[in-house]
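Here's the letter readout for the chains.
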Amino acid sequence: MQGSLFTRLSRQMEHGSASNSGQRLEVIVAGDEGSVRLDRVLAVRLPQLSRSRLKALILADAVTLKNAPIRDPAYHVASGDTITIDVPEAVAAEPAGEDIALDIVHEDDDIIVINKPKGLVVHPAAGHETGTLVNALIAHCGASLSGIGGVKRPGIVHRLDKDTTGLMVVAKNDRAHKSLTEQFADHGRTNEMRRGYMALVWGVPNRLRGTVNAPIDRHPFAREKMAVRDSGREAITHWEILETFNGRDGKPVAALLACQLETGRTHQIRVHLAHIGHPLLGDAVYGPHFKTKSSHLGPQSQAALTALGRQALHAYLLALEHPQTGEILHWESPLPQDLLLLRNALRAAL
């Protein structure tokens, strides 16, 4: 195998180092590399990239085959496969602390619970290298943050989308990080972990409560989206109607749902509710085809929805076992002002 490993490096690689600037590399799998793990082939072919760096690129959907991401480092390649690796431009190894105000709900030596506002990205990523929750946490907590999540995600054990508001917990040390990670992985099946969301959706479901059990994976064509797919990971969302709203014609037009997660997939609630025909109000990614329904709203509701400018989703409930004391802690966050205004406008139906 060793004799053929370096015979088919792409032209892009030959003209530069992937560790210093953003570029696209290609590796064509040689005959004696067939049925070998993806991460092993890349580690030998691309010695300038560490194994941990290659694994991170794989998990970040930066390694593709036939324009589809390969998300499993253990994937067995086939002879003749052309593997594409998009290596982003190098950035500072560690985020810097920034003086960003935090709405702190609870803090002790082990955890910090914050009420995240809309527009705040959780951790640095392409296009959002600064101004994130991580930058704010580094400034607030300093060196006490857990390092398990990596230099760009210190203390982070779960995420909320940029424009989703509500409760998040962050680990301040490695012991807490381990405990919280285990609780989030279980999602209340055998422990006291609870994550509750309030969602304003288009239409009214035909029963008071229900469960969406549908696997979620990356969308096959739009990489910024997720989708219900048979190839996806298990995803379970429980929902219940809290309130319904009529349009100006007196017919049901929207509903307020309480949702509880049994798994924690990217965009899970947004994908699942759109999947059952009730996408979130204001969700430009998963509910664009429902935009015309705003014509059924009264002027006040239309104005409130336009002013919202985001998906109508709020993480209102968080319950967990304290990593140190074992005490069951419970927090609730009321609807933020923009969702409160939208709900009240829908109630008025004017």
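Fair warning: this is a prediction, and the values are worked out from it, not measured in the lab. Within any chain, residue numbers begin from 1 and follow the written order of that chain's sequence. Local features in a predicted model are, by the rule used here, given only for residues with pLDDT of at least 70; side-chain atom pairs are given and counted only at 80 or more, and totals for whole chains, interfaces and linings are based on all residues. No hydrogens and no water enter the side-chain calculation; it runs on all heavy atoms of the structure.

### Looking at the pattern of salt bridges
Salt bridge, as applied in this entry: a Lys or Arg side-chain nitrogen positioned within 4 Å of an Asp or Glu carboxyl oxygen. One pass over the full model with this rule turns up 16 salt bridges. In this structure, Glu182 and Lys178 form a salt bridge, with 2.7 Å as the shortest nitrogen-oxygen distance. Of this pair, Glu182 and Lys178 both sit in helix H5 (residues 174-186), 4 residues apart, which is roughly one turn of the helix. Given the relative accessible area of 45%, Glu182 is considered partly exposed. For the exposure calls, accessible area comes from a 1.4 Å probe over protein chains only, and a residue counts as buried if that area is under 20% of its type's maximum, exposed if over 50%, partly exposed in between. Relative accessible area serves as the criterion here: at 51%, Lys178 is assigned to the exposed category. Strands here mean DSSP runs of E at least two residues long; helices mean DSSP runs of H or I at least four residues long; both are numbered from the N terminus.

### Quick look at the side chain of Lys172
Within the secondary structure, Lys172 is located in the loop between strand S7 (165-171) and H5. Pairs of N or O atoms are called polar contacts if they sit within 3.5 Å, as long as, within protein, a hydrogen donor faces a hydrogen acceptor (for residues adjacent in sequence, only side-chain-to-side-chain pairs). At 3.0 Å, the side chain of Lys172 forms a polar contact with the backbone oxygen of Asp108.

### Notes on the sheet that holds strand S3 (residues 68-69)
Strand pairing requires that DSSP identify at least two bridges connecting the strands. Read across the sheet, 4 strands follow the order S1-S4-S2-S3 without closing on themselves; strand pairing throughout is antiparallel. A single partner strand is all that each edge strand has here, and the edge strands are strand S1 (23-28) and S3. Along the sheet, helix H2 (residues 38-45) contacts S1, strand S2 (63-65) and strand S4 (82-87); its crossing angle with S1, the most-contacted strand, is approximately 110°. The criterion used for residue contact is that any of the two residues' heavy atoms lie within 4.5 Å. Axis angles are defined between N-to-C directions and span 0 to 180 degrees, where every axis is a line fitted to C-alpha atoms and, for a helix, only to the segment in contact. Docked against the sheet, helix H3 (residues 51-59) engages S2 and S4, running at close to 100° with respect to S4.

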